[in-house]
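As a plain string of letters, each chain reads:
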Amino acid sequence: MKQHETTAVSHPSSTSPKGPGATPQGEPGPISKPAELKAAETETVSTAAPAAKAAVEKKRSSRLSEDKRFKIFSGSANRPLTEEIGRFLGVPVGETRLQRFADGETHFQLLENVRGMDVFLVQPTCRPVDQNLVELLIMMDALRRASAGRITVVVPYYGYARQDRKDRPRVAITSKLVADILQTAGANRALFVDLHAAQIQGFFNIPVDHLFASPVLVGYFRDLQLPNLTVVSPDAGGVERARFFAKKLEVPLAIVDKRRTDINVTEVMNVIGDVRGRTCLILDDMVDTAGSLVKATDALLAEGADKVYGCATHAVLSEPALERIAASRLEELVVTNTIPLTEAAQQMSKIKVLSIAGLLGRAIESIHMETSVSTLFN
C-alpha cells in the first residue's frame, strides 16, 4: 500500500484617538500650537502615509502566517506548486495521509484540526485526470466532515474543460458535470487559472475567481525584448486572449485559421495578418499533443516569419508532444507550472517553465482577507 504524506500546515489568519472632551480637574488644559508647527506636522503625516501603507501591504503575508484560522492543503497532483505557494505565504502545507489500496482505491485522512477554518485545497486535475479528480473530491469530503468553515478549491488546471458544449450529437458536457460534482462534494468557492473557456464560470453556483497567467508570461516576453514581435492566436477561439496579450506588449495581432477534424487532430488553413519579417509568438491556453502548435509554426514560417515562439499556460504535453516540439522549428515554448512536467520534458532545452506560485499565493491571500482579486489581472 503506497503512502504519500503531506506536510503540516497551520496558518494565521487600536488604538483610536481620544475625542475632544473636558479636561480632568487639576490637569492642565490643551496647549495651542503655532500655525507653522501645525502645517509642518500635517505635511509630515501626509508624506508618511504612502510609506506606511506600503509597509502594511508588505507585512500582509507575515500576518497571514500567524492566522490560526487559515490552512492550505495539497493533493498529490502537483505538491511542489503547493509548497511553493506555502513558502510565498509563509505557511506550511497541512499534514495529511494519502494511501491507495491494492486495487487503486484512495484513502485520505486529515492529520490536524480544521474545524471552523478557512481551508484552501490545491489540486490540478491533470494526468491521470480521473484519479486526481476523485482524489480532490475525497479530500473535500474529508474537510467537510471535519467541519471546515469554508473550502476553496484551487484548481490551477481544470480538466474536462474542453468539453464545454454539445458540438456533436449525443455527447456529454463534462465541464458542467465536473462543476456540479465539485459543488456537491463541498466546495464553497473555486479558484482557477486560464480556463479553456471563460464561460465555464457560469457552470458554478458558487463564487469563482478566474486568474490569468498573462501577468507572468507578459513580463517574461517583455524582458526578452524580441524584435518586430507579433502575437498570434492559433485559432479563432483564442483571439480575445491573444488580443489582450498583444495590447499589454503593444504589438500587432495575427490569427491562424484552424479547423479541427477530430479529437487532437487539426488542419491549418491560412494566416490572417502580416507576419513577413516578424518574430511571431503563438499564444494558447494549453499545449496537449502540440499538433496545432507545430502546424501553426510551419504556416507562419511559410508566410515569411523570421522566428516563432510558443507560449501556453498549461503544459499538458501528451504523447507525441515532446517529439513534435523537438523536431519542430519552434525557437522556444514557454509554459507555467500549473501542471508538473515529466522528467523528459524538464530536460528539453526548448521548454521554459515559469512559476505562478506568487500569483496564486496573492489570490489566496486576497480571498482569505476579503480584499480585491482584480488587481492581480494587471
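Residues numbered from 1 in each chain as written. Predicted model: local features only at pLDDT ≥ 70, side-chain atom pairs only at ≥ 80, totals over all residues. Heavy atoms only, no water.

Trainee: So what's going on with the overall build of the chain? Which residues, and what values?
Mentor: A tally of regular secondary structure across the chain gives eleven helices and 15 strands. When the 378 residues of the chain are sorted by exposure, 49% land in the buried category. (Helix = DSSP H or I, 4+ residues; strand = E, 2+ residues; numbered from the N terminus. Buried < 20%, exposed > 50% of the residue type's maximum accessible area, 1.4 Å probe, protein only.)

Trainee: Please give an account of the packing of aromatic side chains that cites residues and values.
Mentor: What the rule picks out here adds up to five aromatic pairs. With a centroid separation of 5.4 Å and 40° between ring planes, the pair formed by Phe 70 and Phe 120 is classed as tilted. You can see Phe 70 sitting in strand S2 (residues 70-74) and its partner Phe 120 sitting in strand S5 (residues 118-122), a full 50 residues away along the chain. Each member of the pair Phe 70 and Phe 120 is classed as buried. Taking 5.2 Å as the distance between ring centres and 85° as the angle between the ring planes, the aromatic pair formed by Tyr 220 and Phe 221 counts as edge-to-face. You can call Phe 221 buried: its relative accessible area is 2%. Taken together through their ring pairs, the aromatic side chains of Tyr 158, Phe 192 and Phe 204 make up a single cluster. (Phe/Tyr/Trp six-rings, centres within 6.5 Å; stacked < 30°, edge-to-face > 60°.)

Trainee: Give me helix H11 (residues 357-368): which residues, what numbers.
Mentor: The terminal C-alpha atoms of H11 lie 16 Å apart, and with twelve residues this matches the ideal 16 Å at 1.5 Å per residue to within 8%. Buried residues dominate H11, accounting for eleven of its twelve residues. Along H11, the positions that sit buried rather than exposed are Ala 357, Gly 358, Leu 359, Leu 360, Gly 361, Ala 363, Ile 364, Glu 365, Ser 366, Ile 367 and His 368. Taken from the residues just after H11, Glu 370 is the one with a positive phi, measuring 60°. (Expected span 1.5 Å × (residues − 1).)

Trainee: Outline empty space enclosed by the protein, listing residues and values.
Mentor: The volume enclosed by the largest cavity comes to roughly 30 Å³. Considering the residues around the largest cavity, the lining is formed by Tyr 157, Tyr 158, Ala 161, Asp 194, Leu 195, His 196, Asp 285, Met 286 and His 314. (1 Å grid on protein atoms, 1.4 Å probe; cavity = no way out; pocket = protein on both sides within 12 Å on 5 of 7 lines; lining within 4 Å. Points joined across faces, edges and corners; volume = space filled by probe spheres on them.)

Trainee: Give a detailed account of the pattern of salt bridges, specifying residues and quantitative values.
Mentor: Evaluated as defined, the whole model comprises 13 salt bridges. In this structure, Glu 135 engages Arg 100 in a salt bridge whose closest nitrogen and oxygen atoms are separated by 2.5 Å. Of this pair, Glu 135 sits in helix H4 (residues 129-145) while Arg 100 is found in strand S3 (residues 96-100), placing the two residues 35 residues apart along the sequence. Side by side, Glu 135 and Arg 100 carry an identical accessibility label, which is buried. Here Asp 288 ties to Arg 162 by a salt bridge, and the two come within 2.7 Å at their closest N and O atoms. Highlighted residues: Asp 288 in the loop between strand S12 (279-287) and helix H8 (291-302) and Arg 162 in the loop between strand S6 (150-155) and helix H5 (174-185), separated in sequence by 126 residues. Salt bridges sharing common partners tie together Asp 118, Arg 150 and Glu 370. (Salt bridge = Lys/Arg side-chain N within 4 Å of Asp/Glu carboxyl O.)

Trainee: An account of the packing of H4 against H5 is needed here, citing residue identities and associated values.
Mentor: Between two packed helices, the angle of one axis relative to the other and the distance separating the axes together describe the packing. Running from N to C, H4 and H5 cross one another at 25°; their axes reach a closest spacing of 8 Å. Viewed along their axes, H4 and H5 adopt a mutual orientation that is roughly parallel. Of the residues in H5, those touching H4 at Leu 133, Leu 136, Leu 137, Met 140, Asp 141 and Arg 144 are Val 178, Ile 181, Leu 182 and Ala 185. Of the residues contributing to the contact of H4 with H5, the split by class is eight nonpolar, no polar and two charged. (Axes fitted to C-alpha atoms, helices over the stretch in contact; angles between N-to-C directions. Parallel < 35°, antiparallel > 145°, perpendicular 65-115°, else oblique. Contact = heavy atoms within 4.5 Å. Nonpolar A, V, L, I, M, F, W, Y, C, P; charged D, E, K, R; others polar.)

Trainee: Run through the sheet that holds strand S8 (residues 208-211), naming residues and quoting values.
Mentor: Consider a sheet: its strands pair through backbone hydrogen bonds, and that pairing is either parallel or antiparallel. The five strands lie next to each other as S2-S5-S6-S7-S8, forming an open sheet whose pairing is parallel. The two strands at the open ends of the sheet, each matched to only one other strand, are S2 and S8. Each strand of the sheet is rotated relative to its neighbour by a mean of 15°, with strand direction disregarded. Of the pairings in the sheet, the one linking S2 to S5 comprises five bridges and is parallel in character. Within S5, the position partnered with Phe 70 by the bridge is Asp 118. Running at roughly 160° to S2, helix H3 (residues 79-89) makes contact with S2 and S5 of the sheet. Running over the sheet, H4 touches S2, S5 and S6 and is turned about 165° from S6. (Pairing = 2+ DSSP bridges.)

Trainee: Lay out helix H6 (residues 214-224) with the relevant residues and their values.
Mentor: Taken residue by residue, H6 has Ser 214, Leu 217, Val 218, Tyr 220 and Phe 221 as its buried positions. Looking straight down H6, one finds that the buried residues subtend no more than 160° of arc, so they occupy a single side. Once H6 finishes, Gln 225 follows within two positions and takes phi at roughly 55°, a positive value. (Arc of directions from axis to C-beta.)

Trainee: Which residues make up the pairing of strand S7 (residues 189-193), and what values do they have?
Mentor: In terms of burial, S7 is a largely internal element, five of the five residues being buried. A two-sided burial pattern is seen for S7, the buried positions comprising Arg 189, Leu 191 and Val 193 on one face and Ala 190 and Phe 192 on the other. Relative to S7, S6 runs parallel, the two sharing four bridges. Within S7, the residue paired with Val 153 across the bridge is Ala 190. Regarding the hand of the β-α-β motif, the stretch spanning S6, H5 and S7 is right-handed. (Right-handed = clockwise from strand over helix to strand, strands pointing away.)

Trainee: Could you give an account of the environment of Gly 291, with specific residues and numbers?
Mentor: Positionally, Gly 291 belongs in helix H8. Sequence separation between Gly 291 and Glu 267 is 24 residues; the distance between their C-alpha atoms is 9.0 Å.

Trainee: Account for the nonpolar core, naming residues and giving values.
Mentor: Residues Leu 211, Phe 221, Phe 245, Leu 281, Leu 360 and Ile 364 are the most contacted members of the largest nonpolar core, which totals 40 residues. Top element by residues in this core is H11. It accounts for six residues. Excluding its chain neighbours within four sequence positions, the residues that come into contact with Leu 211 are Leu 191, Phe 192, Val 193, Asp 194, Leu 359, Leu 360, Ala 363, Val 373, Leu 376 and Phe 377. Membership of the second largest hydrophobic core comes to 35 residues, among which are Val 114, Val 153, Leu 195 and Val 208. (Core = buried A, V, L, I, M, F, W, Y, C linked by side-chain atoms within 4.5 Å.)

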